[in-house]
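The primary structure of each chain is shown beneath.
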Amino acid sequence: MPAIGSLYLEEILEYNKKGKISNDIIKSVYERLPCLEKAINDVEIASAIKYPPIYVDPLLKIISYPASEYSNGVIYALSNIRQFGECYKLCVDLSLPFLLYAPEETLRACVAHEFLHYVFISIAIGNKQLMSLSSEGVDIPEAHIIFDETHTVKAEDWLNSRELQEIVHKVFSPVVKNHELEMSIKDRWIKLGLPLVQISADENKVKIPILEIDRIPLDINILEKARRISQTAAQKGQVF
């Protein structure tokens, strides 16, 4: 199981206490954790960087796009800034039904993919480039895809594992398309009336607490590696 403090299950346990999700689902969560732990360990070994906290969200979030009347999509995971107690932290939100029903390769790819977003956000905050995190105008699926592809770092620069690089590119091409996963979530979550919420594209944005931004802890290893990559790129540019 991931180290205590890195995995937040409190809200799904609250939903269980309120009878919104069953004991069987909670049991399935704990049965699934070794797979999640392996995915996290793979990223930490490949990057030599500690994985951010993971918040397991009991709500299935379905995003609708106002500019595309008949278009919507399920949010499997996202990098986010959340308040824990009195402080804010960068973390990865993982949808509970995705954790339960995603094939192992898809889960591994998603964990790695969100790590790359986490690195991007860390660098942007560290460099005070908050405008680079803006998601204005992301109101159609195509714009969301472009935003997702540009607000990340290269897997080849940050993951020293060819196999992990390849599954990220394979699964996100450019977004996750897995019919069996989609049907599992539809049949085993949506049709059963389990917790979900429909949100707008605007509500799916990373909320940046401007007054607290300097107090958000950043991983110094990320910032130092980003500087090395930037310096190497600049040197190569001078050569040519």
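Residues numbered from 1 in each chain as written. Predicted model: local features only at pLDDT ≥ 70, side-chain atom pairs only at ≥ 80, totals over all residues. Heavy atoms only, no water.

### Comments concerning the pattern of salt bridges
Turning to step 1, where the next piece is worked out: Tallying each qualifying case throughout the model produces ten salt bridges.
Turning to step 2, where the next piece is worked out: In this structure, the salt-bridge partner of Arg82 is Asp93, at a minimum N-O distance of 3.0 Å. Of this pair, Arg82 sits in strand E5 (residues 77-84) while Asp93 sits in strand E6 (residues 87-95), placing them eleven residues apart in sequence.
Turning to step 3, where the next piece is worked out: In this structure, Glu105 engages Lys170 in a salt bridge whose closest nitrogen and oxygen atoms are separated by 3.2 Å. Linking Glu105 in helix H4 (residues 104-126) with Lys170 in helix H7 (residues 162-171), this pair joins segments that are 65 residues apart in sequence.
Turning to step 4, where the next piece is worked out: Note on Glu105: relative accessible area 33%, which makes it partly exposed. (Salt bridge = Lys/Arg side-chain N within 4 Å of Asp/Glu carboxyl O. Helix = DSSP H or I, 4+ residues; strand = E, 2+ residues; numbered from the N terminus. Buried < 20%, exposed > 50% of the residue type's maximum accessible area, 1.4 Å probe, protein only.)

### Details of the side chain of Asp93
Turning to step 1, where the next piece is worked out: In this structure Asp93 comes out as buried when scored by relative accessible area, which is 3%.
Turning to step 2, where the next piece is worked out: Engagement of the side chain of Asp93 in a polar contact is seen with the side chain of Asn80, the distance being 3.0 Å.
Turning to step 3, where the next piece is worked out: Excluding anything up to four places from it in sequence, Asp93 contacts Tyr55, Tyr76, Ala77, Leu78, Asn80 and Arg82. (Polar contact = N/O pair within 3.5 Å; in protein donor to acceptor, adjacent residues only side chain to side chain. Contact = heavy atoms within 4.5 Å.)

### Brief notes about empty space enclosed by the protein
Turning to step 1, where the next piece is worked out: Counted according to the given criterion, the structure contains two cavities of 30 Å³ or more.
Turning to step 2, where the next piece is worked out: Surrounding the largest cavity, Asp57, Leu59, Lys61, Ile75, Tyr76, Ala77, Leu78, Asp93, Leu94 and Ser95 form its lining.
Turning to step 3, where the next piece is worked out: At three residues, E6 tops the list of elements feeding residues into the lining of the largest cavity.
Turning to step 4, where the next piece is worked out: Tallied by class, the residues present in the lining of the largest cavity amount to six nonpolar, one polar and three charged.
Turning to step 5, where the next piece is worked out: A volume near 30 Å³ is recorded for the second largest cavity.
Turning to step 6, where the next piece is worked out: Leu36, Tyr51, Ile54, Val92, Leu94, Cys110, Val111 and Glu114 together form the lining of the second largest cavity.
Turning to step 7, where the next piece is worked out: Mapped by element, the contributors of at least two residues to the lining of the second largest cavity are E6 and H4.
Turning to step 8, where the next piece is worked out: Counted by class, the lining of the second largest cavity contains seven nonpolar, no polar and one charged residues. (1 Å grid on protein atoms, 1.4 Å probe; cavity = no way out; pocket = protein on both sides within 12 Å on 5 of 7 lines; lining within 4 Å. Points joined across faces, edges and corners; volume = space filled by probe spheres on them. Nonpolar A, V, L, I, M, F, W, Y, C, P; charged D, E, K, R; others polar.)

### Considerations on the sheet that holds strand E2 (residues 54-57)
Turning to step 1, where the next piece is worked out: Strand order across the open sheet formed by four strands is E1-E2-E6-E5, with mixed pairing between neighbours. Each of the sheet's edge strands pairs with one partner strand only, and the pair in question is strand E1 (7-8) and E5.
Turning to step 2, where the next piece is worked out: The sheet contact formed by E5 and E6 spans eight bridges and is antiparallel. Within the sheet, the bridge partner assigned to Ile81 lies in E6 and is Leu90. (Pairing = 2+ DSSP bridges.)

### Focus: the environment of Ile222
Turning to step 1, where the next piece is worked out: As for its position among the elements, Ile222 is in helix H9 (residues 220-239).
Turning to step 2, where the next piece is worked out: Judged by relative accessible area, Ile222 falls into the buried class, the value being 0%.
Turning to step 3, where the next piece is worked out: Apart from the residues lying within four places of it in its own chain, the contact partners of Ile222 are Ile49, Tyr118, Val119, Ser122, Ile123 and Trp158.

### Observations regarding the packing of aromatic side chains
Turning to step 1, where the next piece is worked out: For the structure shown, the criterion picks out four aromatic pairs.
Turning to step 2, where the next piece is worked out: Between Tyr51 and Phe115, the aromatic rings sit 6.0 Å apart at their centres with planes inclined by 25°, giving stacked as the arrangement. Placement of the pair is Tyr51 in the loop between helix H2 (23-47) and E2 and Phe115 in helix H4, with a sequence separation of 64 residues.
Turning to step 3, where the next piece is worked out: Under the relative-accessibility criterion, Tyr51 is labelled buried at 4%.
Turning to step 4, where the next piece is worked out: With a relative accessible area of 0%, Phe115 lands in the buried category.
Turning to step 5, where the next piece is worked out: Seen in terms of ring centroids, Tyr76 and Phe98 are 4.9 Å apart; in terms of plane orientation they differ by 25°. Their pairing is stacked. Taken as a pair, Tyr76 in the loop between strand E4 (68-75) and E5 and Phe98 in helix H3 (residues 96-101) lie far apart in primary sequence, 22 residues in all.
Turning to step 6, where the next piece is worked out: Overall, Phe98 belongs to the buried group, its relative accessible area being 0%. (Phe/Tyr/Trp six-rings, centres within 6.5 Å; stacked < 30°, edge-to-face > 60°.)

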